[in-house]
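Chain residues, written in single-letter form:
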Amino acid sequence: MGIFSRREKAPKGNSSLATSHSTGSVNSNHSRAIPSRTSGGSATAGTPMSPMSPVKLPKVDLPRPPDPQLDPTGYLRSLGAVRERSKIIFDKASRNELNHFDVDLDKLSDVVSFVSGLIKRDYDAPFNTIPGHGRYQHFCVGGRDRIADMLSTWPEGVDSTERCRRMIDLFLISVLLDAGAGTQWSYKSNENGRVYRRSEGLAIASLEMFKSGVFSGNPSNKTQVDKVGLQSLNVEKLEAGLQSRPGNELAGLQGRTELLIRLAKALGSNEEFFGKDGRPGNMIDHLLSHPSTQASSMLIVPLHVLWNVLMTGLASIWPPSRTALNGVSLGDAWPCKAMPKAGSASWESILPFHKLTQWLTYSLMQPMQSLLNMHFAGTELLTGLPEYRNGGLFVDMGVLTLKPDDLERGLQHYAEHCRRTGSKGIEVAPMFEPGDDVVVEWRGLTVGLLDKLHEEVNKFLKAELAGNELTLPQLLEAGSWKGGREIAEIHRPNTKEPPILIDSDGTVF
């Protein structure tokens, strides 16, 4: 099959949740200022593969990140720190001064051509039907909008706000389970008998578990996630729900289970965000009532308000082994030897990513925009996601080459992993722990390279874009993430794994 011979078709018909993309603010195809309190069953906005039409928002003043000299912990947990800190790595890459990778930026033009070809293969110019990157699309694998199907089964008395709460419940739990499935795992749908793998498999599995009430402690509503339901989870329940068994093991199952149990405690101890019953979806009520939410001509939530809910409200879910500063866990942030003052206890040695939190942000905005007409200001602060598909694209296409000593060390780790797990090394690739300096440097590079790729693809497609520009979330969806997956299938057709493997703990990637 040729690289540019395939075109995925969007599901036909209307969807109850259209996806969106960001420019400098949020986009929406709704014009009403107040979120509807009527049944969300009437909310239709194109197909799930279509973005909302851009709407110009009034100017909203956004706070600057904390001063790292005064509040280094607050700074490293802020969204703005991700791009700023990763730029240090990218600047070193541009001079080919990295510790673990040789860099050939001349080959970035090949990536631009490849990604642009994928976009033109799958979408018609001017490419305004490309959705923003989000979890919703994974629920639509095979051209079926399972979210719309589920929404249609709920009674008319379930209004838009409650429908949105349930979607937030589902999307949050599904994103947190989406941390790399490994090479052996697949999921056979209980509803149609079809087999799904990787992100789509985890999406379908989490949806079917959600519908069956696995995450709910409320007998009158199976389709919710709450602290009581999560407290009852154990490895055996997740193992059964995710169909993990010998020969079909899901990587990091123990880590995922522990994360969801910690989530139960976080939901229960942050009533301000998640209410007395500890539901993720109750964050909607917090956002709607927050003093900074704009209620003039349209409903606008500054992005930092949502970010604070996710970073502060979910801070305790991350493993205790994660990087901490002044006794405060930083989440997805890691020491990196390429950073200033490497090896010291200084904040300057740390490189933050907050990948799952950003993936949550991209994904949770989708139902809030579609069902509640909620807009978000400041979405341009979100970065490309530093995970193995986006990062693998640049390795497979020769922009990044692992240095020989690290390659040898990674291959030894892979061999040890195969011996430990009894897996067969069908297509050998270097493997590292999530906190290995190779992985941290690679992820920092990925953030910077995605920004550069975004800029160059817009130049490459300028004529077809007809005065518009692709947003970064659109590039992630139609280009880099998809491109990383497809180039991996070409280079490693048996496993379809990335060129660098992560010995996953179920909480990273």
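Residues numbered from 1 in each chain as written. Predicted model: local features only at pLDDT ≥ 70, side-chain atom pairs only at ≥ 80, totals over all residues. Heavy atoms only, no water.

Engineer: Would you mind going over the overall build of the protein with me for this structure?
Structural biologist: The helix and strand inventory of the protein stands at 18 helices and 13 strands. When burial is assessed residue by residue, the protein has 62% of its 509 residues classed as buried. The contacts of the protein with a sequence gap of at least 6 include a subset with a gap of at least 24, amounting to 76%. In the form shown here, the protein has an accessible surface area of approximately 19600 Å², with 51% of it arising from carbon and sulfur atoms. (Helix = DSSP H or I, 4+ residues; strand = E, 2+ residues; numbered from the N terminus. Buried < 20%, exposed > 50% of the residue type's maximum accessible area, 1.4 Å probe, protein only. Contact = heavy atoms within 4.5 Å. Areas by Shrake-Rupley, 256 points an atom, 1.4 Å probe, with all protein chains shown as cover.)

Engineer: Can you walk me through the pairing of strand β5 (residues 299-302) in this structure?
Structural biologist: For a regular strand, the rule is simple: side chains alternate between the two faces of the sheet. In β5, alternate side chains face the same way, and those of Leu299 and Val301 on one face and Ile300 and Pro302 on the other are all buried. The pairing of β5 with strand β10 (residues 375-377) spans three bridges and is classified as parallel. Considered in β10, the bridge of Ile300 is made with His375. (Pairing = 2+ DSSP bridges.)

Engineer: What's the story with the confidence of the model for the protein in this structure? I'm lost.
Structural biologist: Low-pLDDT stretches of the model should not have their predicted coordinates read in fine detail. Here the protein shows a mean pLDDT of 86. Residues at 70 or above account for 88%. Here residues 18-53 is modelled with pLDDT under 50, and outside its nearest four sequence neighbours on either side it reaches 136 contacts, counting other chains as well. (pLDDT = per-residue confidence, 0-100.)

Engineer: Sorry if this is basic, but what is going on with the packing of aromatic side chains here?
Structural biologist: The geometry of an aromatic ring pair is captured by two quantities: the separation of the ring centres and the angle between the planes. According to the stated counting rule, one finds five aromatic pairs in the structure shown. On the basis of an interplanar angle of 80° and a centroid distance of 5.7 Å, the ring pair of Tyr75 and Trp347 is categorised as edge-to-face. Note that Tyr75 is positioned in helix α1 (residues 72-76) and Trp347 in the loop between β8 (333-335) and β9 (350-352), a separation of 272 residues in sequence. You'll find Tyr75 and Trp347 in the same group, each marked buried. (Phe/Tyr/Trp six-rings, centres within 6.5 Å; stacked < 30°, edge-to-face > 60°.)

Engineer: What is the right way to read the packing of helix α5 (residues 160-177) against helix α9 (residues 253-269) from this model?
Structural biologist: A pair of packed helices is captured by two measures, namely the crossing angle of their axes and the spacing between those axes. Between α5 and α9, the shortest axis-to-axis distance is 10 Å and the interhelical angle comes to 145°. The element α5 and its partner α9 pack so that their crossing is right-handed. Touching Leu172, Ile173, Leu176 and Leu177 of α5 are Arg256, Leu259, Leu260 and Leu263, all from α9. Its residues placed into classes, the contact of α5 with α9 shows seven nonpolar, no polar and one charged. (Axes fitted to C-alpha atoms, helices over the stretch in contact; angles between N-to-C directions. Left-handed = near helix turned anticlockwise from the far one by under 90°. Nonpolar A, V, L, I, M, F, W, Y, C, P; charged D, E, K, R; others polar.)

Engineer: Sorry if this is basic, but what is going on with the layout of surface pockets here?
Structural biologist: Empty space among the atoms becomes apparent when a probe as large as a water molecule is rolled across them. Estimated volume of the second largest pocket: approximately 490 Å³. Forming the boundary of the second largest pocket are 22 residues, of which Pro63, Ser78, Leu79, Gly80 and His304 lie nearest the centre. Every element with two or more residues in the lining of the second largest pocket is listed here: α2 (80-94) and α12 (303-313). In terms of residues, the lining of the second largest pocket owes the most to one element, α12, which gives six residues. Looking at the lining of the second largest pocket residue by residue, the class counts come to 10 nonpolar, seven polar and five charged. (1 Å grid on protein atoms, 1.4 Å probe; cavity = no way out; pocket = protein on both sides within 12 Å on 5 of 7 lines; lining within 4 Å. Points joined across faces, edges and corners; volume = space filled by probe spheres on them.)

Engineer: Mind showing me how you'd approach helix α13 (residues 355-372) here?
Structural biologist: Quick reminder: α-helices carry 3.6 residues per turn. Residues three or four places apart thus point the same way. Between its terminal C-alpha atoms α13 stretches 25 Å, which fits the 26 Å expected from 18 residues at 1.5 Å a residue. Here α13 lies mainly inside the structure; 18 of its 18 residues are buried. (Expected span 1.5 Å × (residues − 1).)

Engineer: Please clarify how the environment of Asn99 should be interpreted in this entry.
Structural biologist: With respect to the helices, strands and loops of the structure, Asn99 is situated in the loop between α2 and β1 (101-103). Taking relative accessible area as the criterion, Asn99 reaches 37% and is therefore assigned partly exposed. Sequence separation between Asn99 and Lys403 is 304 residues, and the spatial gap between their C-alpha atoms is 8.2 Å. When near neighbours in sequence (up to four residues on either side) are disregarded, Asn99 contacts Lys337, Ala338, Lys403, Asp406, Asp437 and Glu441.

Engineer: It is not clear to me how empty space enclosed by the protein should be interpreted in this structure. Could you clarify?
Structural biologist: Under the definition given, this model contains four cavities of 30 Å³ or more. In this structure, the largest cavity spans a volume of roughly 120 Å³. Asp178, Ser199, Lys355, Glu387 and Trp481 are the residues nearest the centre of the largest cavity, which is lined by 13 residues in total. Those elements that place two or more of their residues in the lining of the largest cavity are α13 and α14 (388-396). Counted by class, the lining of the largest cavity contains five nonpolar, four polar and four charged residues.

Engineer: Can you help me understand unusual backbone geometry in this one?
Structural biologist: When glycine is set aside, most residues are seen to have a negative phi, and most peptide bonds are trans. Here the residue pair Ala125 and Pro126 is connected by a cis peptide bond, since its omega of 10° sits within 30 degrees of zero. Among the secondary structure elements, Pro126 is positioned in the loop between α3 (108-122) and α4 (146-153). Residues other than glycine seldom take positive phi values, yet Asn96 does so here, at roughly 55°. If you trace the backbone, Asn96 turns up in the loop between α2 and β1. For Asn326, which is not glycine, the phi dihedral falls at a positive 55°.

Engineer: In this structure, what is going on with the packing of α5 against α13? I would like to understand it.
Structural biologist: The N-to-C vectors of α5 and α13 enclose an angle of 160°; their axes lie 9 Å apart at closest approach. With respect to α13, the axis of α5 lies roughly antiparallel. As for the relative orientation of α5 and α13, their crossing is right-handed in sense. Residues Ser160, Thr161, Arg163, Cys164, Met167, Ile168, Phe171, Leu172, Val175 and Leu176 of α5 touch α13, and the partners they reach there are Leu356, Trp359, Leu360, Ser363, Leu364, Gln366, Pro367, Met368, Leu371 and Leu372. (Parallel < 35°, antiparallel > 145°, perpendicular 65-115°, else oblique.)

Engineer: Could you clarify how one ought to interpret helix α15 (residues 404-421) in this entry?
Structural biologist: Given a rise of 1.5 Å per residue, 18 residues ought to cover 26 Å, and the 26 Å separating the end C-alpha atoms of α15 matches this to within 8%. Listing the buried residues of α15 in full gives Asp406, Gly410, His413, Tyr414, His417 and Cys418. Axial view of α15: buried residues confined to an arc of 140°, hence all on one face. Structural note: α15 exposes Pro404, Asp405 and Arg419 on the side pointing more than 90 degrees away from its buried face. If you follow the buried residues of α15, they end up packed against β11 (400-402), β12 (431-432), α16 (437-460) and β13 (501-502). In the stretch just after α15, Gly422 is the one whose phi turns positive, near 75°. (Arc of directions from axis to C-beta.)

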